[in-house]
Amino acid sequence: MNPLCGRCNLVVYPTEKVNCLDKYWHKGCFSCEVCKMTLNMKNYKGFEKRPYCNAHYPKTNFTCVADTPENLRLKQQSKMQSQVLYREDFEKNKGKGFSVVADTPELQRIKKTQDQISNIKYHEEFEKRKMGGEAPHQPSSPSPAAYQSSAGSQNYNYEPAPEPVRQAAGGPPPSAGKRYRAVYDYSAADEDEVSFMDGDVIVDVQQIDEGWMYGRVERTGQQGMLPANYVEAI
């Protein structure tokens, strides 16, 4: 039994039969749905099992709605909101972990207060050593009290004052304060700070506040401020 044509619904005989798009067509009936141009197996395009020419083939564009002015405005607004939220989240999380937040007003005030305390303590220690402890280190003007205290037990020509003479002069002994050992390397970040290496012994240590100390590195002889969490007591 011969099939029916997909367009005219008449019988299609084998000599004029075109088998395409799951249907049978007369050669003359196999034409574009819009312009009725006769098609063949090489130039047709099928859409929903109907033949079309290249010019009238339906184009399905599902993104055309996103190109309207309103959607473009919403897209730009969403992008700006995303950037604002990202920056806010970045500022909130800035400094968490191992980094240090130093740009908030409260932390700037605390840092400024600590700097002022450190400068005051540094000048106090400097004046104390200038008035008492530093005098015996000057070979050109030895302290008379040092010779008087040691005259009863020792007789010697003048030389740079040894350890007992510095103690008799009234200055603090080199290791009168607490002794600490460095557990990390530290590079001075300011003029009143001191650098040291892991394992260095810090002597004459005096506590300034919870975060800072003042002391002298025994290996280098340099003295200044140092972070308290970089050393441990010995």
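Structure: above.
Okay, so let's go over this structure. (Residues numbered from 1 in each chain as written. Predicted model: local features only at pLDDT ≥ 70, side-chain atom pairs only at ≥ 80, totals over all residues. Heavy atoms only, no water.)

1. Looking at the pairing of strand β1 (residues 17–20)
Because side chains alternate across β1, one face comprises the buried residues Val18 and Cys20, and the other comprises Lys17 and Asn19, none of which is buried. Bridge count between β1 and strand β2 (residues 23–26): 4 bridges; the pairing is antiparallel. What sits directly across from Asn19, in β2, is Tyr24. With antiparallel pairing between neighbouring strands as the criterion, β1 and β2 make up a hairpin whose turn holds 2 residues, including Leu21 at a positive phi of roughly 55 degrees. (Buried < 20%, exposed > 50% of the residue type's maximum accessible area, 1.4 Å probe, protein only. Helix = DSSP H or I, 4+ residues; strand = E, 2+ residues; numbered from the N terminus. Pairing = 2+ DSSP bridges.)

2. Describing the pattern of salt bridges
Opposite charge on two side chains allows them to pair when their charged atoms are near. All chains considered together, the criterion is met by 6 salt bridges. For Arg179, the salt bridge goes to Glu218, with nearest N and O atoms at 3.6 Å. A residue pair is termed long-range when its members are at least 10 positions apart, and Arg179 in strand β5 (residues 178–182) and Glu218 in the loop between β7 (212–217) and β8 (223–227) qualify at 39 residues. Overall, the relative accessible area of 32% leaves Arg179 in the partly exposed class. On the basis of relative accessibility, which here comes to 42%, the residue Glu218 falls in the partly exposed class. Its salt-bridge partner being Arg216, residue Asp204 comes within 3.5 Å of it at the nearest N-O pair. Note that Asp204 is positioned in strand β6 (residues 201–207) and Arg216 in strand β7, a separation of 12 residues in sequence. Connected through salt bridges with shared partners, the residues Arg7, Glu33 and Arg50 form a single ionic network. (Salt bridge = Lys/Arg side-chain N within 4 Å of Asp/Glu carboxyl O.)

3. Quick look at the nonpolar core
Core analysis: the largest hydrophobic core is formed by 16 residues, its most contacted members being Tyr180, Phe196, Ile202, Met213, Leu226 and Val231. Listed by contribution, the elements that provide at least two residues to this core are β5, β6, β7 and β8. Per-element accounting of this core gives the leading share, 4 residues, to β7. Counting 9 residues, the second-largest nonpolar core is a separate cluster that includes Cys20, Trp25, Cys32 and Leu39. (Core = buried A, V, L, I, M, F, W, Y, C linked by side-chain atoms within 4.5 Å.)

4. Brief notes about unusual backbone geometry
With a phi close to 60 degrees, Asn9 is a non-glycine residue in the positive phi region. Its location among the elements puts Asn9 in the segment before β1. Residue Asn9 is classed as exposed on the basis of its relative accessible area, which comes to 52%. For Leu21, which is not glycine, the phi torsion reads 55 degrees and is therefore positive. If you trace the backbone, Leu21 turns up in the loop between β1 and β2. Look at Leu21 and you get buried, because its relative accessible area is 18%.

5. Quick notes on the packing of aromatic side chains
In total, this model carries 7 aromatic pairs according to the counting rule given. Aromatic pair Tyr184 and Tyr230: ring centres 5.6 Å apart, planes at 70 degrees, arrangement edge-to-face. Of this pair, Tyr184 sits in the loop between β5 and β6 while Tyr230 sits in the loop between β8 and β9 (231–233), and the two are 46 residues apart along the sequence. Its relative accessible area of 48% is what places Tyr184 among the partly exposed residues. The exposure class of Tyr230 is partly exposed, given its relative accessible area of 26%. Each member of the aromatic cluster is reached from another via a ring pair, and the members are Tyr184, Tyr186, Phe196 and Tyr230. For the cation-ring pair, Lys45 lies above Tyr57, with the distance from its terminal atom to the ring centre recorded as 5.5 Å. (Phe/Tyr/Trp six-rings, centres within 6.5 Å; stacked < 30°, edge-to-face > 60°. Lys NZ or Arg CZ within 6 Å of the ring centre and 35° of its normal.)

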